[in-house]
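Given next are the chains, with one letter for each unit.
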Amino acid sequence: MTIDHGAIAREVEERFGDFFREKINPTAAYRDQTYTTFDQETLREMARLGLIGFTADPSIGGEGRTWEEWGHVLEEIGYLADDSGLPMLLSYRETATNLVHHSGRQGRPHLIERYAEPAVRGEAFIGWLYTEEKDALNFETNVVRRGDRYILNGHKSASTGGLSCTAWIVYASTEDGQDTMAIMVERGDPGVTVTPVRSLGLRSIGLAELHFQDVELTEDRILTPSDGLSHGQIFINERRVTGAAWLLGRMRALIDRVIEDTQPKVRYNRRLSEFDTFKAAIGRMYMAVERARSMAYRVFERTEARRATMGYLHDPLVSIAKYISTEAALEVADIAQRLSGGHGYFEPYGIERYLRDFYGLVPIIGGQPAIEAEIGARVIWQRERRLAAQRKQLQTMHYQGELV
Ligand SMILES: Cc1cc2nc3c(=O)[nH]c(=O)nc-3n(C[C@H](O)[C@H](O)[C@H](O)COP(=O)(O)OP(=O)(O)OC[C@H]3O[C@@H](n4cnc5c(N)ncnc54)[C@H](O)[C@@H]3O)c2cc1C
């Protein structure tokens, strides 16, 4: 299905535009400077407006809109809301809620009632805890069975929204160290410690690290007892799509900001915005947006189509879309610095914040260098497979005497 982006942009403006202008934008710089995240009341208001649960199934109170639409909506949220942390947080929450719902449908319906439905209503906030200072194939965070209890110990180094989460999907090694499970942990569980983490940018997301010490969990908390890595991959894949999406809007907003900042400037008796070099730089910024957009839109459509026919599969094009959007955003932020003089660098003008925020997408979900390596490895593997198939075909033809 091809989406009319203009129609989505109008919908976002009509439904959420005033909320962003009145509640989000005036306090964005404050949140950035003080590492303040969105309070529970604001999050609940977002749920009431439909910013939470946009893609969630109507059976749990969601709007049941498509992933493709969500990608376009996130772009517009990124454009209208002057806080990169907002679409980042919303997209994490959306995916986490859908993932719990997905697990609930695999024969664990109590998870839907306890976590997914309240999350869509804005009464619960689910985080996703995967990363730690260890290889994902060998998580140090582990679960040991003791009688009818599961005991969780370990540490997770980053949780988007961790400061406001009420529960988390936690990935942990199983007792024999041979497998990974995914299990729900709640903020009030004894032995859970949440500590704020300060970062270069995206400071409004409420970033936190979590420690687990002898946290006792019951069987009904388990999302999946095995193959947690495939479970986590669903999240990783969707996160890469959404990261590619909201960056588009933030880049467009930055271009507007730079043009607006330059308007009053006169240099050598001429308006700075009339210099051809200025226009060319704006042109380069816009072309970077369009480059990222062409890949992102392709991936929104493809993700939606694959979801319907094949379920959630790892798609290398999704990684490429996240990679391209991130590199484009860094290019746009770099040009913005060069065009804006001191205003680009000084905090009160709000231009440097974009650069710091955009850098947050570099390490996220595997990191840019890891994506390069993943794509390169795939290309090499595909070539080897192709050559092997050709060799096999030649051998068969030899046997049949076709080549002599
Ligand atoms: C703002 C922010 C929010 C986050 N939120 C969450 C969250 O909610 N939940 C969560 O679980 N995690 C979260 N993370 C963590 C994030 O997902 C990790 O930082 C990311 O997965 C990279 O892991 P790492 O930091 O351990 O990097 P490392 O694995 O230590 O990688 C270091 C460097 O090596 C590169 N590298 C790694 N593997 C390869 C390879 N095979 N080939 C080539 N290069 C490679 C990486 O790209 C990177 O440049 C967040 C991070 C940020 C910045």
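Presented here is an overview of the structure given in this document. Note that the coordinates shown come from a computational prediction; the quantities given were computed from them, not determined experimentally. (Residues numbered from 1 in each chain as written. Predicted model: local features only at pLDDT ≥ 70, side-chain atom pairs only at ≥ 80, totals over all residues. Heavy atoms only, no water.)

**Regarding the pairing of strand 5 (residues 180–186)**
Regular strands show a simple pattern: their side chains alternate between the two faces of the sheet.
(1) Moving on: For strand 5, the buried fraction is high: seven of the seven residues fall into the buried class.
(2) Moving on: By the alternation rule, side chains of strand 5 split into Thr180, Ala182, Met184 and Glu186 and Met181, Ile183 and Val185, which are all buried.
(3) Moving on: Here strand 4 (residues 167–173) runs beside strand 5; their pairing, made up of seven bridges, is antiparallel. Residue pairing in the sheet places serine 173 in a bridge with threonine 180 of strand 5.
(4) Moving on: Between the end of strand 4 and the start of strand 5, which pair antiparallel, lie six residues, with glycine 177 showing a positive phi angle near 70°.
(5) Moving on: Here two bridges tie strand 5 to strand 8 (residues 222–224), and the two strands are oriented antiparallel to one another. Opposite alanine 182, over in strand 8, you have threonine 224 as the bridge partner. (Buried < 20%, exposed > 50% of the residue type's maximum accessible area, 1.4 Å probe, protein only. Helix = DSSP H or I, 4+ residues; strand = E, 2+ residues; numbered from the N terminus. Pairing = 2+ DSSP bridges.)

**Section: the packing of aromatic side chains**
(1) Moving on: On inspection of all chains with the given rule, the structure shows 11 aromatic pairs.
(2) Moving on: For the pair tyrosine 130 and tyrosine 171, a centre-to-centre distance of 5.3 Å together with 70° between the ring planes defines the contact as edge-to-face. Of the two residues, tyrosine 130 sits in the loop between strand 1 (126–129) and strand 2 (142–146) while tyrosine 171 sits in strand 4, which places them 41 residues apart along the sequence.
(3) Moving on: Residue class for tyrosine 171 comes out buried when judged on its relative accessible area of 0%.
(4) Moving on: The rings of Tyr92, Trp128, Tyr130, Phe139, Tyr171 and Phe235 are connected pair by pair, giving a single aromatic cluster.
(5) Moving on: Just above the ring of phenylalanine 139 sits the side chain of lysine 156; from NZ or CZ to the centre is 3.7 Å.
(6) Moving on: Sitting over the ring of phenylalanine 275, arginine 270 keeps its end group 4.6 Å from the ring centre. (Phe/Tyr/Trp six-rings, centres within 6.5 Å; stacked < 30°, edge-to-face > 60°. Lys NZ or Arg CZ within 6 Å of the ring centre and 35° of its normal.)

**With respect to the packing of helix 5 (residues 85–104) against helix 7 (residues 228–262)**
(1) Moving on: Direction vectors running N to C along helix 5 and helix 7 enclose 150°, while the axes themselves pass 10 Å from each other. Between helix 5 and helix 7, the crossing angle belongs to the class labelled roughly antiparallel. Considering only the axes of helix 5 and helix 7, their crossing is right-handed. Residues Pro87, Met88, Ser91, Tyr92, Thr95, Ala96, Leu99, His102 and Ser103 of helix 5 pack against His231, Ile234, Phe235, Glu238, Arg239, Thr242 and Trp246 of helix 7. (Axes fitted to C-alpha atoms, helices over the stretch in contact; angles between N-to-C directions. Parallel < 35°, antiparallel > 145°, perpendicular 65-115°, else oblique. Left-handed = near helix turned anticlockwise from the far one by under 90°. Contact = heavy atoms within 4.5 Å.)

**Remarks on the site of the ligand**
(1) Moving on: Neighbouring the ligand are 21 residues; Trp128, Tyr130, Thr131, Ala158 and Thr160 lie closest to it.
(2) Moving on: Within the backbone of tryptophan 128, an N or O atom sits 2.8 Å from a nitrogen atom of the ligand.
(3) Moving on: Within the backbone of alanine 158, one N or O atom sits 3.0 Å away from a nitrogen atom of the ligand.
(4) Moving on: Protein contact buries 60% of the 980 Å² of open area that the ligand shows by itself.
(5) Moving on: Among the elements that line the shell around the ligand, the one with the most residues is helix 12 (residues 368–399), at three residues.
(6) Moving on: Considered class by class, the residues forming the shell around the ligand number 15 nonpolar, six polar and no charged. (Near = heavy atom within 4 Å. Polar contact = N/O pair within 3.5 Å; in protein donor to acceptor, adjacent residues only side chain to side chain. Areas by Shrake-Rupley, 256 points an atom, 1.4 Å probe, with all protein chains shown as cover. Nonpolar A, V, L, I, M, F, W, Y, C, P; charged D, E, K, R; others polar.)

**Topic: the pattern of salt bridges**
(1) Moving on: According to the stated counting rule, one finds 36 salt bridges in the structure shown.
(2) Moving on: Between glutamate 69 and arginine 65 there is a salt bridge whose closest N-O contact spans 3.2 Å.
(3) Moving on: Linking arginine 149 and aspartate 148 is a salt bridge whose minimum nitrogen-to-oxygen distance equals 3.5 Å.
(4) Moving on: Judged by its relative accessible area of 32%, arginine 149 falls in the partly exposed class.
(5) Moving on: Several salt bridges converge on common partners, so that one network encompasses Glu11, Arg15, Glu63, Arg65 and Glu69. (Salt bridge = Lys/Arg side-chain N within 4 Å of Asp/Glu carboxyl O.)

**What about the side chain of glutamine 337?**
(1) Moving on: Turning to its location among the elements, glutamine 337 is positioned in helix 9 (residues 316–340).
(2) Moving on: Under the relative-accessibility criterion, glutamine 337 is labelled buried at 17%.
(3) Moving on: The residues touching glutamine 337, leaving out its near neighbours within four places in the chain, are Gly344, Tyr345, Ile351, Glu352 and Leu355.

**Comments concerning helix 4 (residues 67–80)**
(1) Moving on: Between its terminal C-alpha atoms helix 4 stretches 20 Å, which fits the 20 Å expected from 14 residues at 1.5 Å a residue.
(2) Moving on: Counted residue by residue, helix 4 has 13 buried out of 14 residues, so it is predominantly covered. (Expected span 1.5 Å × (residues − 1).)

**Quick notes on the nonpolar core**
(1) Moving on: Phe20, Met46, Ile77, Trp128, Ile169 and Met251 are the most contacted members of the largest nonpolar core, which totals 94 residues.
(2) Moving on: The element best represented in this core is helix 7, accounting for 14 residues.
(3) Moving on: Look past the residues within four positions of methionine 251 in its chain and what remains in contact with it is Val289, Ala292, Ser325, Ala328, Ala329, Val332 and Phe358.
(4) Moving on: Leu129, Val143, Tyr150 and Val215 belong to the second largest nonpolar core, which has 17 residues in total. (Core = buried A, V, L, I, M, F, W, Y, C linked by side-chain atoms within 4.5 Å.)

**Focus on unusual backbone geometry**
(1) Moving on: Here aspartate 227, not a glycine, exhibits a phi torsion of approximately 50°, which is positive.
(2) Moving on: Along the chain, aspartate 227 falls in the loop between strand 8 and helix 7.
(3) Moving on: The residue tyrosine 268 is not glycine, and still its phi comes out positive at about 50°.
(4) Moving on: Residue position: tyrosine 268 is located in the loop between strand 9 (266–267) and strand 10 (270–271).

**Comments concerning helix 7**
(1) Moving on: For helix 7, with 35 residues, the first-to-last C-alpha span of 51 Å sits near the 51 Å given by 1.5 Å per residue.
(2) Moving on: Taking burial as the measure, the 35 residues of helix 7 include 28 buried ones, the bulk of the element.

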